[in-house]
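Coordinates in review
One letter stands for each residue in the lines below.
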Amino acid sequence: MPEESRLDEFRAEADRILADTVAIVPEELIAERGFAESEPRFGPTEGTPAPGDPAWWQAREDLNLIAETDASARAFDAVSGHLSADGWSQSRVREVDGWVTEGFRKELDSGDWYIEVTWVPSAPGLAEILGVLVVSPQTVRGDAR
């Protein structure tokens, strides 16, 4: 019997985790909400997409922070402190052109979840931002097209 897709369940959970994570950022640091999306992602397929093909859910939001030195670092510190206290394990993912990305992983009832938080240490010419990406465990495509 083929595995049943959990994309709908993962969508709800990814959106909840994203909202909870973004809510940790102190309101006084947020100038405006930037780009946001929540959508399924599909792994490689051979030919026509099939219900058993790999799939997962991703939810993302970018925050434009106030133009104040270290706003991004302060927002990141709040988020990382909360996630660490909640049992998420943290590791450096990459550092490119002044942008720092940290990954957080946690095993939940539905599997291994991943949060990626991108921030920028204050530097002339770099905007104060915070980006949060939530990735669900893998499931199958099911009826999603």
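Everything here concerns the structure above.
Quick notes on the rules
- Residues numbered from 1 in each chain as written.
- Predicted model: local features only at pLDDT ≥ 70, side-chain atom pairs only at ≥ 80, totals over all residues.
- Heavy atoms only, no water.
- Helix = DSSP H or I, 4+ residues; strand = E, 2+ residues; numbered from the N terminus.
- Contact = heavy atoms within 4.5 Å.
- Buried < 20%, exposed > 50% of the residue type's maximum accessible area, 1.4 Å probe, protein only.
- Salt bridge = Lys/Arg side-chain N within 4 Å of Asp/Glu carboxyl O.

1. Some words on the environment of Pro121
- By the element assignment, Pro121 lies in the loop between strand S5 (111–119) and strand S6 (129–135).
- Separated by 45 residues in the primary sequence, Pro121 and Phe76 place their C-alpha atoms 9.7 Å from one another.
- The residues touching Pro121, leaving out its near neighbours within four places in the chain, are Gly98, Val100 and Leu126.

2. Points about unusual backbone geometry
- Backbone geometry at Asp70 places phi at a positive 70 degrees, although glycine is not the residue there.
- Among the secondary structure elements, Asp70 is positioned in the loop between strand S2 (54–65) and helix H2 (71–85).
- Relative accessible area serves as the criterion here: at 36%, Asp70 is assigned to the partly exposed category.
- Positive phi outside glycine occurs at Asp97, with the angle close to 50 degrees.
- Judged by relative accessible area, Asp97 falls into the exposed class, the value being 67%.

3. Overview of the pattern of salt bridges
- Across all of its chains, the model carries 15 salt bridges by this definition.
- The salt bridge involving Arg6 is made with Glu9; its shortest N-O contact spans 2.7 Å.
- The partly exposed category is assigned to Arg6, whose relative accessible area is 29%.
- For Glu61, the salt bridge goes to Arg33, with nearest N and O atoms at 3.2 Å. Here the residue Glu61 occupies a position in strand S2, and Arg33 occupies one in strand S1 (residues 30–42), the gap between them amounting to 28 residues.
- Residue classification places Glu61 among the buried residues on the basis of a relative accessible area of 13%.
- The partly exposed category is assigned to Arg33, whose relative accessible area is 44%.
- The network of salt bridges with common partners includes Glu13, Arg16 and Asp20.

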